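Descriptive analysis of the structure
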Amino acid sequence: MRKISELRDYAAQNGIIAGVTKARIFSELESVLAKPVPFVEYSKNERIDPCLTVSGARSVICIGCPYPSEIAADKGISIAASGTDYHIFVSEELEKLQTELKIEGEAFTDTGPLVDRYTAYLCGLGYYGKNGFIINENFGTMFFIGYIITNEEFDEYSSPVKGDCGDCRRCLDACPYGAIKGGSMDYKKCVSYLTQIKGVLSDEQMKMIGGQVYGCDVCQLSCPKNKGRVKIELREKDYTHFFSMTNKQFKKRYGDTGIAWRGRATIVRNAVIAHINTGGEKKDIERFLTDKNEVLKRTAEKLIQ
Ligand code: B12
Ligand code: SF4
Ligand code: SF4
């Protein structure tokens, strides 16, 4: 039997937040998971039952790792995807916790089977905001989530935090295409989603990504709970530096950031669109009319015609 106090002390000493919930079938998620969730390939059963990942699982430990207080971001790249990729640093935090507290189990961040935000909610990391994020009293929405499914049992389990947004609706008003419904999300209207899908975008989708190259921070930056949490420094001030980048150069410069997993072609496609959407000259993207990559070629053709 493990002590929850050990986990709490560890979190406080390491600048993270942590909690633990009993492993069980989270059947209350069945209805929200009936709708498609982009980029997630696990079955609905795997998403609600931790025992399908770790046989005999007794607990799920969840951690929240705050964004750094200063972030250097390139134009069009979301702060959540700038700097060291959170998949790297959250995995390191999970490994460190497992080693120091000697906890066996399977650790995940973002790409695991469970619903990260709901796990965080059950583990008391915060309450659901209207923007869909979990809001923590110390970190606002600006933290990444990771968890460990384990056979360990705890002497006590966390309780969800009570809280809500009250009358505030800043994120709903700020979201450019009304993707946030205050309790659910229309992901096809989310700029972050549009910057992550592959292939040639429709004319409407191209217009919708505006000046974004990867992700979107509007619903986080408009939230009063995040006021003053991060200092943002704009590093690269235009999009053209992407245009001549080879795969090798892309990996060297962005390989350990949150945009790398999408690959150079999708990022360059978005940079080309963002350049034109924000008044850039068509002659700057003419080089892509003869690009070997069909998506880049077709995107340039659509924008130049
Ligand atoms: C698919 C996905 C996306 C999709 C769809 C997002 C979505 N809301 O479902 C897209 C591409 C749009 C996306 C965008 C972003 N994402 Co994303 N994404 C995921 C992923 C992989 C799965 C999400 C999922 O399962 N959705 C299904 C529904 C059921 O779960 P949900 O997210 O909790 O959403 C439901 C709740 O909001 C619920 N709800 C609302 N109120 C309440 C109240 C209660 C009590 C309950 C039970 C439920 C509830 O209604 C929604 C269902 O319609 C998770 C990681 C993971 N494996 O879980 C990361 C994750 C949610 N993303 C994350 C991030 C950082 C982002 C971006 C900021 C990335 C960026 N830089 O642009 C944006 C933010 C957009 C936004 N407003 O959510 C973080 C969020 C961290 C946090 N503190 O909350 C996660 C948790 C990754 C991580 N491990 O840190 N993402
Ligand atoms: S990430 Fe941007 S587009 Fe997506 S819900 Fe938030 S504000 Fe809206
Ligand atoms: S902007 Fe307001 S409504 Fe939206 S999540 Fe933050 S507090 Fe809640």
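For the structure itself, look to the data block above.
If you're wondering where the values come from, they're calculated on a predicted model, not measured in any experiment.

Concerning the pairing of strand β2 (residues 59-66)
Counting buried residues in β2 gives 7 out of 8 residues, a clear majority hidden from the surface. In the sheet, β2 pairs with strand β7 (residues 143-150) via 8 bridges, with the strands oriented antiparallel. Paired with Cys 65 across the two strands is Phe 144, which belongs to β7.

Quick word on the packing of aromatic side chains
For the structure on display, the rule yields 14 aromatic pairs. The interplanar angle of 45° and the centroid separation of 5.8 Å between the aromatic rings of Phe 39 and Tyr 193 together place this pair among those described as tilted. Here the residue Phe 39 occupies a position in the loop between β1 (17-22) and α2 (44-48), and Tyr 193 occupies one in helix α6 (residues 191-196), the gap between them amounting to 154 residues. Between the aromatic rings of Phe 250 and Tyr 254, the centroid separation amounts to 5.6 Å while the plane-to-plane angle is 35°, which identifies the pairing as tilted. Taken together, the positions of Phe 250 and Tyr 254, both in helix α9 (residues 247-254) and 4 residues apart, correspond to about one turn of that helix.

Thoughts on the nonpolar core
Ranked by internal contacts, the top residues of the largest apolar core, which has 39 residues, are Val 213, Phe 242, Ile 259 and Phe 288. Taken together, the elements giving at least two residues each to this core come down to α5 (170-174), α6, α7 (203-208), α9, α10 (264-277) and α11 (294-304). With 7 residues, the top contributor of residues to this core is α10. Excluding residues within four positions of it along the chain, Ile 259 makes contact with Ile 77, Ala 81, Tyr 214, Phe 250, Tyr 254 and Ile 267. With 25 residues, the next largest nonpolar core counts Ile 16, Ile 61, Ile 71 and Leu 101 among its residues.

Brief notes about the site of ligand 2
In the vicinity of ligand 2, the contacting residues are Cys 175, Pro 176, Ile 180, Met 185, Cys 190, Val 191, Cys 216, Val 218 and Cys 219. Looking at the shell around ligand 2 residue by residue, the class counts come to 9 nonpolar, no polar and no charged.

Quick word on the packing of helix α1 (residues 4-14) against helix α3 (residues 86-100)
Viewed as axis vectors pointing N to C, α1 and α3 meet at an angle of 130°, and their least axial separation amounts to 12 Å. The angle between the axes of α1 and α3 places the two elements in the oblique class. The handedness of the crossing between α1 and α3 is right-handed. Residues Leu 7, Tyr 10 and Asn 14 of α1 form the contact with α3, whose participating residues are Glu 93, Lys 96, Leu 97 and Glu 100.

Cut-offs used in this document
- The written sequence of each chain sets the order in which its residues are numbered from 1.
- Both sets of labels track the order of writing: A upward for chains, 1 upward for ligands.
- Residue-level local features of this predicted model are given only where pLDDT is at least 70; pairs of side-chain atoms are given and counted only at 80 or more, and the full residue set underlies all totals for whole chains, interfaces and linings.
- Note that water and hydrogens are dropped before the side-chain values are worked out from all heavy atoms of the structure.
- With a 1.4 Å probe rolled over the protein chains alone, any residue whose accessible area is under 20% of its type maximum counts as buried; one over 50% counts as exposed, and the rest are partly exposed.
- Secondary structure elements are defined from DSSP: runs of H or I of at least 4 residues count as helices, runs of E of at least 2 residues count as strands, and each element is numbered from the N terminus.
- Note on pairing: two strands pair once DSSP finds at least 2 bridges between them.
- For Phe, Tyr and Trp, rings pair up if their centres lie within 6.5 Å, where Trp contributes its six-membered ring, and each pair is then called stacked (planes under 30 degrees apart), edge-to-face (over 60) or tilted (otherwise).
- Take the buried Ala, Val, Leu, Ile, Met, Phe, Trp, Tyr and Cys residues and link them wherever side-chain atoms come within 4.5 Å; each set so joined is a nonpolar core.
- Two residues form a contact once any of their heavy atoms are found within 4.5 Å.
- The rule for a residue being near a molecule or strand is that one of its heavy atoms must lie within 4 Å of it.
- We call Asp, Glu, Lys and Arg charged. Ala, Val, Leu, Ile, Met, Phe, Trp, Tyr, Cys and Pro are nonpolar, and the rest, Gly among them, are polar.
- Every angle, taken between N-to-C directions, lies between 0 and 180 degrees, and every axis is a line fitted to C-alpha atoms, over only the stretch in contact when it is a helix.
- Every angle not falling under 35 degrees, over 145, or within 65 to 115 is termed oblique; those three ranges are roughly parallel, roughly antiparallel and roughly perpendicular.
- The sense of a crossing depends on the near helix, which, turned anticlockwise from the far helix by less than a right angle, makes the crossing left-handed and, turned clockwise, makes it right-handed.

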